[in-house]
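Observations on the three-dimensional arrangement
Read off the chains here:
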Amino acid sequence: MFHGLVSVFVRINYPPLLMKNKHFDPKGKMPSPFTIELQNGWRQTLPFEDKRDFEEAQKGFIAAPPYKQIIAEAGNVAWDMGSYEFLLRGFDSVFDSIHPSLQRQAVLNMAYGLYEVLPDKIYQVRGFDLANMTIIKGNTGWILFDVLTCKETAKAALELVNEHLGHRRVVAVVYSHSHVDHYGGVRGVVDEANVKNGKVQIIAPVGFMEYAIAENVYSGTAMVRRAFFQYGLLLPRSPFGHVDQSIGKNTAAGNTGLIEPTRYIEQDIEELTIDGVKMVFQNTPGTEAPAEMNTYFPDWKAFWAAENICGTIHNIYTLRGALVRDALEWSKKINEALYRFGQQAEVMFASHSWPRWGNDRIQEVMRTQRDAYAHLHNEVLHQANQGVTINEIHNVYKLPESLQQQWAAHSYHGSEEHNSRAVINRYLGYWDANPATLIPLSPRESAPLYVEMMGGADKILAKGQELHARGQYREAMEILNKLVYAEPQNQAAKDLLADVFEQIGYQKESPSVRNSFLAAAYELRNGFPKGVTAKTVTPDTVRAMSTQLWLDFIGIRLDSQKAEGMKFTINLLTPDNGEKFAVEMSNSTLTNIKGFQAKNPDLTITIDRSDLELIMAGIATFPALIGEGKVKLEGDAQVLVRLQSLLVQFTPDFEILPGSKPAESVTPTENSFEQPEPADTSGG
């Protein structure tokens, strides 16, 4: 049993389900004989005799807190390590509903508490959030690397540090990259006043502020909805549901914040001394995040790998949605780190997972991950150049045997299936070059034709049952999916497809893929619950969001059919920050350009950016601020009314699977100009 390991549960208010043979869903099924046979095969062929990760994950344990839950300021459970208790019965416990490799990773991620990485120099708090918080001991205070997702978990982590290591002030915070689980807890560890007066530095890679917000706005509502699948947000924590999130247990649910960095690392390699600690930063854009950096501590021979080298191969394509990443560039940045720092380093630690000690071990892991990303890139394109398409590569691509036997090359966060397709998509796009797939019918249009030609629902159900009984789950999925699209209210078809999805989910090593299949099974059986809303935008997010980004998103929200025939121009002025914009409505499209003004506009709006932020945050409206004299309108005021009438407020409750939409949708806010919170980028 791990030192400092406890259990874990939260999300929706399900009771903890710790009975090994008790499914949380009355319609849920046990693992089939075919699934059990597959899991037993993995148990016999994977390198379970290699226990080094377990030894490294336990090393340096100092203390765990007496509690298992952290409560958010709003009263909800922000973090709960108690709901994964079933994983700690001992690793000899066999869960046939969990891929054996994933079960191993899930147990490794149960580390909970304060750990020593390098005596009297580097410490980590693990298991308080999806990410780790790393604590560097400077001459006068703490330097914190990555401060978790929310204020509450970050505050609790720092309190644990001060309790056991002695109280010291925070002198600096380093954001390793632009995903929220690495900066969102900043207000739990520093006071913004101390940042403004220079008592606390905040350091980040160049481009951090742009990508921390902009990457997740344009398709934010769709990302939020898709996250219900990738992160299994509706799944209870159970051997039949959510068991892990690959780079940590889950994401904390508290107050997220953002304080703008005071210094950016702009050069490829840049040296900086903070509170007496010498650091060499390596910018790694184009890897796990568009703005990210590794850090080397030359005096200590310690290498911080950010989220570029963790206990898993990461996402080249993130299932919740994100721009496709560059597997080759990722490999090259690891290789650069290996040759610059890795051949001297004696400890390597990161923002997720556990450290590695000893130069041989460090080089082994760095080379393993370097080669895994490079092989993915090279072999996929090797196959593509011989005619293998995006719709075939996931059935063709395999890691070489030597990498399959290295735990650090396993794709827990990513998967070989969806990452291989992503490489082709990056270079060749989504089309497989068959004209039949270039402009295909939509699934709802093509499905009735397939059902008719297959002889109707009864025959498809019978064949689906036959394939399911033979363990041919993907074949069963192929035909049952057509039936469900053709007959969205056919519950027998949805239940059988859910049974198929469930067995596929049980068999998957990647929790993102597992969660997606199990969440789809849940929604097919039960529907998507009503009342799910998007998060309210936080003041920190609004301040960080550019006016141009807000205007761009208004253009996305425009109902172009209602706008047919409309034409107007608006000049927008924000005197307190000196910005100006020209906004045009033409051809059912809203465009904007910064730094210009339209000649003879239909309307000119003058409002301080600080007041506009109140509208963006939903705290105020244009009519209210006009009444207070904080907005000046010159020209036709009805233009603003017409624009507002065209805006759709997106809600993350739209249907993904046929027949699963809640009967009652969320009622949108009345403030059409309010900006919704960007999607959560936790986990990359």
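Residues numbered from 1 in each chain as written. Predicted model: local features only at pLDDT ≥ 70, side-chain atom pairs only at ≥ 80, totals over all residues. Heavy atoms only, no water.

- As recorded in an unreviewed UniProt entry, the protein goes by Alkyl sulfatase and comes from Microcystis panniformis FACHB-1757.
- UniProt's Sequence similarities (unreviewed entry) comment on the protein is quoted here verbatim: "Belongs to the metallo-beta-lactamase superfamily. Type III sulfatase family." (UniProt positions renumbered as here; feature names shortened; annotations may be inferred.)

**Focus: the UniProt feature "domain: Metallo-beta-lactamase" (unreviewed entry) in the protein**
- Under the UniProt annotation, the feature "domain: Metallo-beta-lactamase" (unreviewed entry) is placed at residues 130–352.
- In the segment residues 130–352, helix accounts for 24% and strand for 21%; the C-alpha atoms at its two ends are 7 Å apart. (Helix = DSSP H or I, 4+ residues; strand = E, 2+ residues; numbered from the N terminus.)

**Concerning the UniProt feature "repeat: TPR" (unreviewed entry) in the protein**
- If you check UniProt for "repeat: TPR" (unreviewed entry), the listed places come out as residues 457–490 in our numbering.
- When the span residues 457–490 is considered, its composition is 79% helix and 0% strand, and the gap between its end C-alpha atoms is 9 Å.

**Let's talk about helix H14 (residues 473–486)**
- Between the first and last C-alpha of H14 there are 20 Å, a value that for 14 residues agrees with the 20 Å anticipated at 1.5 Å per step.
- Residues of H14 that are buried: Tyr 473, Ala 476, Ile 479, Leu 480, Lys 482, Leu 483, Val 484 and Tyr 485.
- Buried-residue contacts for H14 involve helix H1 (33–45), helix H12 (443–453), helix H13 (457–469), helix H15 (491–506) and helix H16 (511–526). (Expected span 1.5 Å × (residues − 1). Buried < 20%, exposed > 50% of the residue type's maximum accessible area, 1.4 Å probe, protein only. Contact = heavy atoms within 4.5 Å.)

**Thoughts on the sheet that holds strand E16 (residues 356–357)**
- Ordered in space as E11-E12-E13-E14-E15-E16, the six strands form an open sheet in which the pairing is mixed. Both edges of this open sheet fall to strand E11 (269–274) and E16, since each of them pairs with a single strand only.
- Summarising the sheet, strand E14 (residues 302–304) and strand E15 (residues 347–349) pair through three bridges and their orientation is parallel. By the bridge assignment, Phe 303 is partnered in E15 with Met 348.
- Helix H8 (residues 327–342) rests against E11, strand E12 (277–283), strand E13 (293–297) and E14 of the sheet, and its axis sits at about 150° to E12. (Pairing = 2+ DSSP bridges. Axes fitted to C-alpha atoms, helices over the stretch in contact; angles between N-to-C directions.)

**Some remarks on the pattern of salt bridges**
- With the rule as written, the count across this model stands at 38 salt bridges.
- When the shortest N-O distance is used, the salt bridge between Glu 329 and Lys 333 registers 3.6 Å. Here Lys 333 and Glu 329 lie together in helix H8, a separation of four residues that amounts to about one turn.
- The exposure class assigned to Lys 333 is buried, which follows from its relative accessible area of 14%.
- Through salt bridges that share partners, Asp 50, Arg 52, Asp 53, Glu 56, Arg 104, Arg 356, Arg 361 and Glu 364 make up one connected network. (Salt bridge = Lys/Arg side-chain N within 4 Å of Asp/Glu carboxyl O.)

**Let's talk about the sheet that holds strand E19 (residues 589–594)**
- Pairing is mixed across the open sheet formed by five strands, whose spatial order is E19-E18-E17-E20-E21. Lying at the two open borders of the sheet, with one neighbouring strand each, are E19 and strand E21 (631–635). Across the sheet, the mean angle separating the axes of adjacent strands is 15° when strand polarity is ignored.
- Taken together, the four bridges between strand E17 (residues 568–574) and strand E20 (residues 603–607) define a ladder with parallel strand orientation. Each residue of the ladder has a partner; that of Leu 573, found in E20, is Thr 606.
- Against the sheet, helix H21 (residues 638–645) contacts E17, E19 and E20, and its axis sits at roughly 100° relative to E17.

**As for the packing of H15 against H16**
- One way to put it is that H15 packs onto H16 with a least axis distance of 8 Å and a crossing angle of 160°. The pairing of H15 with H16 is recorded here as roughly antiparallel in orientation. Crossing of H15 against H16: the hand is left-handed. Contact residues: H15 offers Gln 491, Lys 494, Asp 495, Leu 497, Ala 498, Asp 499, Phe 501, Glu 502, Ile 504, Gly 505 and Tyr 506, while H16 offers Arg 514, Phe 517, Leu 518, Ala 520, Ala 521, Leu 524 and Arg 525. (Parallel < 35°, antiparallel > 145°, perpendicular 65-115°, else oblique. Left-handed = near helix turned anticlockwise from the far one by under 90°.)

**Side note on the packing of helix H9 (residues 359–384) against helix H11 (residues 416–428)**
- Contact geometry for H9 and H11: axes closest at 9 Å, N-to-C directions at 65°. Put simply, H9 runs roughly perpendicular to H11. Pair H9 / H11 crosses with right-handed handedness. Across the interface between the two elements, Leu 376, His 377, Val 380, Leu 381 and Ala 384 of H9 pack against Asn 419, Ser 420, Val 423, Ile 424, Tyr 427 and Leu 428 of H11.
- Per-class residue counts for the contact of H9 with H11 are eight nonpolar, three polar and no charged. (Nonpolar A, V, L, I, M, F, W, Y, C, P; charged D, E, K, R; others polar.)

**A word on the environment of Glu 159**
- Relative to the assigned elements, Glu 159 resides in helix H4 (residues 151–165).
- When its relative accessible area of 41% is taken as the criterion, Glu 159 is described as partly exposed.
- Taking the C-alpha atoms as reference points, Glu 159 and Val 189, 30 residues apart in sequence, are found 9.1 Å from one another.
- A polar contact of 2.7 Å, which involves the side chain of Glu 159, links it to the side chain of Lys 155. (Polar contact = N/O pair within 3.5 Å; in protein donor to acceptor, adjacent residues only side chain to side chain.)

**Here's the deal with the side chain of His 179**
- Within the secondary structure, His 179 sits in the loop between strand E8 (170–174) and helix H5 (192–196).
- Taking the relative accessible area as the measure of exposure, His 179 reaches 0% and is therefore buried.
- A polar atom in the side chain of His 179 sits 3.1 Å from the side chain of Glu 288.
- Discounting residues that sit within four places of it in the chain, His 179 has contacts with Glu 215, Glu 288, Ala 289, Arg 325, Thr 681 and Gly 684.

**Brief notes about the packing of aromatic side chains**
- One pass over the full model with this rule turns up 23 aromatic pairs.
- Taken together, a centroid distance of 4.9 Å and an interplanar angle of 20° make the contact between Tyr 296 and Phe 341 stacked. Of the two residues, Tyr 296 sits in strand E13 while Phe 341 sits in helix H8, which places them 45 residues apart along the sequence. Considered together, Tyr 296 and Phe 341 belong to a single accessibility category, that of buried residues.
- Plain terms: the ring middles of Phe 303 and Phe 341 are 5.8 Å apart, the flat faces sit at 25° to each other, and that makes the pair stacked. Of this pair, Phe 303 sits in strand E14 while Phe 341 is found in helix H8, placing the two residues 38 residues apart along the sequence.
- Owing to a relative accessible area of 5%, Phe 341 belongs among the buried residues under this scheme.
- Among the aromatic residues, ring-to-ring pairing joins Phe 145, Phe 297, Trp 300, Trp 304 and Phe 349 into one connected group.
- Over the ring of Trp 407 we find Arg 104, and its NZ or CZ is 3.9 Å from the ring centre. (Phe/Tyr/Trp six-rings, centres within 6.5 Å; stacked < 30°, edge-to-face > 60°. Lys NZ or Arg CZ within 6 Å of the ring centre and 35° of its normal.)

**Quick notes on the environment of Pro 539**
- Within the element layout of this structure, Pro 539 appears in helix H17 (residues 539–544).
- Distance from Pro 539 to Thr 256, taken between C-alpha atoms, is 10.0 Å for residues 283 residues apart in sequence.

**Describing the pairing of E11**
- Only one face of E11 is covered, namely the face carrying Glu 270, Leu 272 and Ile 274; the face carrying Ile 269, Glu 271 and Thr 273 is uncovered.
- The sheet contact formed by E11 and E12 spans six bridges and is antiparallel. By the bridge assignment, Glu 271 is partnered in E12 with Val 280.

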